[in-house]
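Fold and contact review
Here's the letter readout for the chains.
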Amino acid sequence: MAIIKPFKAIRPTKDKVASVASRSYEEYPKKELEATLRYNPFSFLHIINPGFKFDKRVKGQERFTLVHNRYLEFLEDNVLMKDAKDSFYVYKVEKGAASCCGLFCATSTVDYENDVIKKHENTLQKRETLFADYLDTVGFNAEPVLITYPDKESIAEIIQKETRQDPEYYFTTTDKVTHKLWVVSDKKTIQKLQVEFGNIDSIYIADGHHRSASSYLFAQNSKRQNPNHTGKEPYNFFMSYLIPESEIKIYEFNRMVKDLNGLSKEEFLIQVDAFFRIENRGNLLYKPLKKHHFSMYLDGEFYSLYLRKKIYTFDDSLSELDTQILFKTILEPILGIKDLRNDKRIQYGYGKYNVIRMKDEIDQGKFAVGFSLVPVTIEEIKAIADEGLVMPPKSTYIEPKLRSGITIYEF
């Protein structure tokens, strides 16, 4: 059973929420980041990039301390406020005809430990420790973990009822995304939601594996340091955004490799032919349409690759994943790429026009070959998580990408 808990969010005042909410720090090009910091004094970026105030690049413990200081300043200046009641927060994002609606809440580190909250990615211990130290110093969490749960009509009815009322926040950001937030503080409604989620056996991390792992490590460290630990302390939970499976959007990452590992074009194609039936598509832009089919761009031409299933063995859900198939048949044995996360010969791309970008970069000589795949499905993610397996890096690009600073969870 999944444990979810309401919390007293720290959040922007109504008149400043559009100015405070920010995309993830890594998403900003350098010039846009500098302009936002210079001309928007309320941006949450000032908190997570505190060295701007001193025109200095800061890192490590010095940065953590300054993040905490900027956060306190936002509270002192009434840019941020703390809610009086424990609440859940229904949050809806709309862009054009697409929308998603989910729930900000506190999820349990015990559920993470007991595999009620399921994972499908490995995490790096160094990053876990760094983020746990960060949480210990700053005292809050502003970037929720994106978690998905099976569509459930009873939960949908509760959320739909809440969204019939006027939202607490209603604003549109410069990327033409509309944001709405409703505060759910009614005790009966909170209890209903807790009961409904308590009847769900497993929920699945879609995005935020390192944030989850570091929150768990932070909780374990805090527990050891607290002789009066009860299990109810705020550090036993971390902020998540729960969204039904049907509203998750999953996109693929393409793979681009800088060379053919010493092989000629002909030698490379002959080795690929051992695992795939190859068809030359010429300069016609080609994208695969089904599992186990791939698109390859090489030397100015597109190729379709169809897996020879009598040659490749399916042992478990991971072996059936297209990113794993590509790794085991081409990237590792033929191109010599053993470390998908750190090998500098391989790069990844995503987005609506990424096949065109991949073609352009190969034509310019930046890469030798590129591969396009169909997106992974939520069913594949769940199957891998249920079997306790791990997907290759950059297997999924998942939306929604949530803004920082709309709700903040204090420890």
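Going by the structure above, here's the rest.
Now for a description of the structure that goes with this document. (Residues numbered from 1 in each chain as written. Predicted model: local features only at pLDDT ≥ 70, side-chain atom pairs only at ≥ 80, totals over all residues. Heavy atoms only, no water.)

**Describing the packing of helix H7 (residues 153-163) against helix H8 (residues 187-198)**
Between H7 and H8, the least distance of the axes is 10 Å, while the angle of their chain directions is 155 degrees. If you check the angle between H7 and H8, you find them roughly antiparallel. Between H7 and H8 the crossing geometry is left-handed. Across the interface between the two elements, Ser154, Ile155, Ile158 and Glu162 from H7 touch Thr189, Lys192, Leu193, Glu196 and Phe197 from H8. Tallied by class, residues from the contact of H7 with H8 come to 4 nonpolar, 2 polar and 3 charged. (Axes fitted to C-alpha atoms, helices over the stretch in contact; angles between N-to-C directions. Helix = DSSP H or I, 4+ residues; strand = E, 2+ residues; numbered from the N terminus. Parallel < 35°, antiparallel > 145°, perpendicular 65-115°, else oblique. Left-handed = near helix turned anticlockwise from the far one by under 90°. Contact = heavy atoms within 4.5 Å. Nonpolar A, V, L, I, M, F, W, Y, C, P; charged D, E, K, R; others polar.)

**Remarks on the side chain of Gln324**
By the secondary structure assignment, Gln324 is in helix H11 (residues 322-331). Beyond its immediate chain neighbours, meaning those up to four positions away, Gln324 contacts Tyr312, Leu318, Ser319 and Pro392.

**Section: a nonpolar patch on the surface**
Judged by side-chain polarity, Leu285, Tyr353 and Ile356 come together as a nonpolar surface patch covering roughly 300 Å² of accessible area. With respect to the secondary-structure elements, Tyr353 resides in the loop between strand E18 (346-349) and helix H12 (354-363). (Patch = residues over 30% accessible without salt bridge, like charges linked within 9 Å, V, L, I, M, F, W, Y side chains within 5 Å. Areas by Shrake-Rupley, 256 points an atom, 1.4 Å probe, with all protein chains shown as cover. Salt bridge = Lys/Arg side-chain N within 4 Å of Asp/Glu carboxyl O.)

**Here we look at helix H13 (residues 378-386)**
Within the span of H13, buried status applies to Ile378, Glu380, Ile381, Lys382, Ile384 and Ala385. At its buried positions, H13 is contacted by strand E6 (117-118), strand E8 (145-149), strand E11 (203-207), strand E13 (249-251) and strand E20 (397-399). Residue Gly388 follows H13 closely and has a positive phi angle near 70 degrees. (Buried < 20%, exposed > 50% of the residue type's maximum accessible area, 1.4 Å probe, protein only.)

**A few points about the nonpolar core**
Soluble globular proteins: nonpolar side chains tend toward being buried together. Core analysis: the biggest nonpolar cluster contains 33 residues, and Tyr91, Leu146 and Tyr241 have the highest contact counts within it. Contributing elements (two or more residues each) for this core: strand E4 (88-95), strand E5 (98-108), strand E9 (169-172), strand E12 (237-244) and H13. Of all the elements, E12 adds the most residues to this core, at 4 residues. Once residues within four sequence positions are removed from consideration, Tyr241 is found in contact with Tyr91, Cys100, Cys101, Gly102, Leu103, Phe104, Pro144, Val145, Leu146, Ile147, Pro400 and Leu402. (Core = buried A, V, L, I, M, F, W, Y, C linked by side-chain atoms within 4.5 Å.)

**Quick look at the sheet that holds strand E15 (residues 276-282)**
On the basis of which strands lie adjacent, the open sheet formed by 6 strands has the order E15-E17-E16-E19-E14-E18 and antiparallel pairing. The open sheet has two edge strands with one neighbour each: E15 and E18. On average, each strand axis in the sheet is tilted by 25 degrees relative to the strand beside it, whichever way the strands run. Pairing geometry for strand E16 (residues 293-298) and strand E19 (residues 369-372), over 4 bridges, is antiparallel. By the bridge assignment, Ser295 is partnered in E19 with Ser372. Of the strands in this sheet, E15, E16, strand E17 (301-307) and E19 touch helix H10 (residues 265-272), which is tilted by about 175 degrees from E16. With respect to the sheet, H12 is in contact with strand E14 (254-257), E16, E17, E18 and E19, its orientation differing from that of E14 by roughly 5 degrees. (Pairing = 2+ DSSP bridges.)

**Side note on the pattern of salt bridges**
One pass over the full model with this rule turns up 29 salt bridges. The shortest N-O distance in the salt bridge between Glu94 and Lys92 comes to 3.6 Å. Among the salt bridges present, the one from Lys152 reaches Glu196, with a minimum N-O distance of 3.1 Å. Within this pair, whereas Lys152 is found in the loop between E8 and H7, its partner Glu196 is found in helix H8, the two being separated by 44 residues in sequence.

**What about the pairing of E9?**
Only one face of E9 is buried, namely the one carrying Tyr169 and Phe171, since none of Tyr170 and Thr172 on the opposite face is buried. As paired elements, E9 and strand E10 (residues 178-184) share 4 bridges and run antiparallel to each other. Residue pairing for E10: Thr172 is matched across the bridge by Thr178. The turn joining E9 and E10, which pair antiparallel and follow one another in sequence, is formed by 5 residues; a positive phi near 65 degrees is taken by Lys176.

**Let's talk about the environment of His68**
In this structure, His68 sits in helix H4 (residues 60-76). Since its relative accessible area comes to 26%, His68 is described here as partly exposed. Excluding its chain neighbours within four sequence positions, the residues that come into contact with His68 are Thr137 and Val138.

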